[in-house]
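The chain contents come next:
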Amino acid sequence: MEIIGTPNLLGEKNKHVQKALSFGNTKVVNMQLQTGENIAEHDSVADVIIIVRSGKVSFSVEGETVVVTPENILHMNPKEKHSLLAIEPSDLLVLQINQ
């Protein structure tokens, strides 16, 4: 068992991206964004799962826009081009799972 800290640092600084954990074929990243902060379009060779712990984030995935909140989860297939924009201060987990 291991507990990994992911403290909310948005009060101290703007965008915060931290690799939280890596095991087997999975990498977990904690991302914290202030309102209006964005991540430019990119893709991943892995399956990607987005879990928003707090806030609201708009994702553009292959031209389709979806809003991800603590009430839903986003899954993206490998190589799907995507970008994101924080609609409000947000704390999310990004799971990258290689097959």
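Residues numbered from 1 in each chain as written. Predicted model: local features only at pLDDT ≥ 70, side-chain atom pairs only at ≥ 80, totals over all residues. Heavy atoms only, no water.

1. Some details on the nonpolar core
Stage number 1. Ranked by size, the top nonpolar core spans 17 residues in total, and within it Ile50, Phe59 and Leu92 carry the most contacts.
Stage number 2. For this core, the secondary-structure elements that each account for two or more residues are strand S2 (26–33), strand S4 (47–61), strand S6 (73–76) and strand S7 (82–97).
Stage number 3. The leading source of residues in this core is S4, at six residues.
Stage number 4. Residues contacting Leu92, with those up to four places away along its chain left out, are Val29, Asn30, Met31, Ile50, Ile51, Val52, Arg53, Val57 and Phe59. (Core = buried A, V, L, I, M, F, W, Y, C linked by side-chain atoms within 4.5 Å. Buried < 20%, exposed > 50% of the residue type's maximum accessible area, 1.4 Å probe, protein only. Helix = DSSP H or I, 4+ residues; strand = E, 2+ residues; numbered from the N terminus. Contact = heavy atoms within 4.5 Å.)

2. Looking at the pattern of salt bridges
Stage number 1. Taken as a whole and judged by the stated rule, the model has two salt bridges.
Stage number 2. The salt bridge partner of Lys81 is Asp43, with a shortest N-O separation of 3.8 Å. A residue pair is termed long-range when its members are at least 10 positions apart, and Lys81 in the loop between S6 and S7 and Asp43 in the loop between strand S3 (38–42) and S4 qualify at 38 residues.
Stage number 3. When its relative accessible area of 39% is taken as the criterion, Lys81 is described as partly exposed.
Stage number 4. A salt bridge links Arg53 to Asp91, with the shortest nitrogen-to-oxygen separation between them at 2.9 Å. With a gap of 38 residues between them, Arg53 in strand S4 and Asp91 in strand S7 connect regions that are remote in the sequence.
Stage number 5. A relative accessible area of 36% places Arg53 in the partly exposed class.
Stage number 6. Its relative accessible area of 5% is what places Asp91 among the buried residues. (Salt bridge = Lys/Arg side-chain N within 4 Å of Asp/Glu carboxyl O.)

3. Comments concerning the side chain of Thr69
Stage number 1. Inspection of the secondary structure assignment puts Thr69 in the loop between strand S5 (64–68) and S6.
Stage number 2. On the basis of relative accessibility, which here comes to 16%, the residue Thr69 falls in the buried class.
Stage number 3. Setting aside its immediate chain neighbours within four residues, Thr69 contacts Val52, Gly55 and Lys56.

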